[in-house]
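# An overview of the molecular structure
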Amino acid sequence: MRFCLLVMAKSPVPGQVKTRLCPPLTPEEAADVAAASLLDTLSAALATPGAVPVVALAGSVRRDDVRDALAECVVIPQRGWTFADRLVHAHADVARFGLPVLQIGMDTPQVTPSLLESCAEFEEAALGFALDGGWWALGLRDPLRAEVLRDVPMSRTDTGVRTLTALLGMKVRTLPILSDVDTMVDARAVAAQVPGGRFAATLTEIAAVRR
């Protein structure tokens, strides 16, 4: 089965990403962590069977490693003032592929190709809750139905439940629960799950420099 794997991403610019990691991290270190998270996510997306990786990107890319990874994907600009608007527009923009969509963010570097492939199997919709009450993955057979997200408050402890309510009327498959990387506690826990990835290596390098 072919599907669009839509990744919502922000360019890892110091002071603009992962600000909740500061302190203890500096803005530059937080940007390095964000870049590693994005790169691990893109590696998994590119290796997922049947996936057409599309990145909805906010901001200009300043890092060569991120630029090289994005060159292997279809890249579209994010549009809209609120995050909900940007989600709606991104889904509408990929509707032209005529494929079901599995949308994730760049905050779950622990995803694997096998997990993403499995999550893409749904009839009408799929939703993966995050431990903080939000969600990390949304699947839609018809990406235009993402319009229901426009009135859902994002980045709240009840965002996941409100999103599930917004999907009322669709047959929704519940996906595995994952942890987003928002705080250092999250970052260390996720790094322990994938010790061989760029994300864990970046945290280890930062810790070594601080010793």
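All values reported here derive from a predicted model rather than from experimental measurement.

Turning next to the overall build of the protein chain. From N to C terminus, the protein chain includes seven helices and seven strands. Each helix and strand of the protein chain, ordered N terminal to C terminal, gives the series β-α-β-α-β-α-β-α-β-β-α-β-α-α. A globule of 211 residues ought to have a C-alpha radius of gyration of about 17 Å, and the protein chain, at 16 Å, matches this closely. The dimensions of the protein chain, computed from C-alpha atoms along their principal axes, are 55 × 35 × 35 Å.

For the rest of this paragraph, the subject is helix α7 (residues 198–210). Taking 1.5 Å as the rise per residue, α7 with 13 residues should run 18 Å; its terminal C-alpha atoms sit 18 Å apart, in good agreement. By the burial criterion, the buried members of α7 are Phe199, Ala200, Thr202, Leu203 and Ile206. Along the axis of α7, the buried residues cluster in a sector spanning 160 degrees; they form a single face. Turned more than 90 degrees off the buried face of α7, the exposed positions are Thr204, Glu205 and Val209. Those residues of α7 that are buried are in contact with α1 (27–46) and α6 (184–193).

A few words on the sheet that holds strand β6 (residues 135–140). With respect to topology, seven strands assemble into an open sheet ordered β3-β2-β1-β4-β6-β5-β7, the strand pairing being mixed. At either end of the open sheet lies a strand with only one pairing partner, and these are β3 (74–77) and β7 (172–174). Going from strand to strand, the sheet's axes swing by 20 degrees on average, the running direction of each strand aside. Here strand β1 (residues 3–10) runs beside strand β2 (residues 51–58); their pairing, made up of eight bridges, is parallel. If you follow Leu6 over to β2, its bridge partner there is Val54. The strands touched by α1 within the sheet are β1, β2 and β4 (101–105), with β2 carrying the most contacts at an inclination of about 155 degrees. Running over the sheet, helix α3 (residues 83–94) touches β1, β2, β3, β4 and β6 and is turned about 145 degrees from β1.

With that out of the way, let us pick up unusual backbone geometry. Keep in mind that most residues, glycine aside, have a negative phi and that most peptide bonds are trans. Cis geometry is found at the peptide bond from Cys22 to Pro23, where omega equals -15 degrees. Within the secondary structure layout, Pro23 lies in the loop between β1 and α1. For Lys18, which is not glycine, the phi torsion reads 50 degrees and is therefore positive.

We now examine the pattern of salt bridges. As enumerated under the stated definition, the model contains twelve salt bridges in all. Measuring nitrogen to oxygen at the nearest pair gives 2.8 Å for the salt bridge that ties Asp107 to Lys18. Of this pair, Asp107 sits in the loop between β4 and α4 (113–119) while Lys18 is found in the loop between β1 and α1, placing the two residues 89 residues apart along the sequence. Overall, Asp107 belongs to the partly exposed group, its relative accessible area being 23%.

Attention now goes to the packing of α1 against α7. Where α1 meets α7, the closest approach of the two axes is 8 Å, and the angle between their N-to-C directions is 160 degrees. Between α1 and α7, the angle is such that the two are roughly antiparallel. When the axes of α1 and α7 are compared, the crossing they make is right-handed. Residue-level contacts link Glu29, Asp32, Val33, Ala36, Ser37, Leu39, Asp40 and Ser43 of α1 to Arg198, Phe199, Thr202, Leu203, Ile206 and Arg210 of α7. When its residues are assigned to classes, the contact of α1 with α7 shows six nonpolar, three polar and five charged.

Attention now moves to the packing of aromatic side chains. Applying the stated rule across the entire model yields zero aromatic pairs. Geometry around Phe122 places Arg141 over its ring, the cationic atom sitting 5.6 Å from the centre.

The subject of this paragraph is the pairing of β1. Judged by how many residues are buried, β1 sits mostly within the fold: seven of eight residues are covered. Chirality of the crossover, the property in question, places the unit of β1, α1 and β2 among those that are right-handed. Bridging between β1 and β4 involves five bridges; their strand directions are parallel. Looking at the pairing, Leu6 lines up with Gln103 of β4.

Calculation rules
- Residues numbered from 1 in each chain as written.
- Predicted model: local features only at pLDDT ≥ 70, side-chain atom pairs only at ≥ 80, totals over all residues.
- Heavy atoms only, no water.
- Helix = DSSP H or I, 4+ residues; strand = E, 2+ residues; numbered from the N terminus.
- Rg over C-alpha atoms; globule rule 2.2 N^0.38 Å.
- Expected span 1.5 Å × (residues − 1).
- Buried < 20%, exposed > 50% of the residue type's maximum accessible area, 1.4 Å probe, protein only.
- Arc of directions from axis to C-beta.
- Contact = heavy atoms within 4.5 Å.
- Pairing = 2+ DSSP bridges.
- Axes fitted to C-alpha atoms, helices over the stretch in contact; angles between N-to-C directions.
- Salt bridge = Lys/Arg side-chain N within 4 Å of Asp/Glu carboxyl O.
- Parallel < 35°, antiparallel > 145°, perpendicular 65-115°, else oblique.
- Left-handed = near helix turned anticlockwise from the far one by under 90°.
- Nonpolar A, V, L, I, M, F, W, Y, C, P; charged D, E, K, R; others polar.
- Phe/Tyr/Trp six-rings, centres within 6.5 Å; stacked < 30°, edge-to-face > 60°.
- Lys NZ or Arg CZ within 6 Å of the ring centre and 35° of its normal.
- Right-handed = clockwise from strand over helix to strand, strands pointing away.

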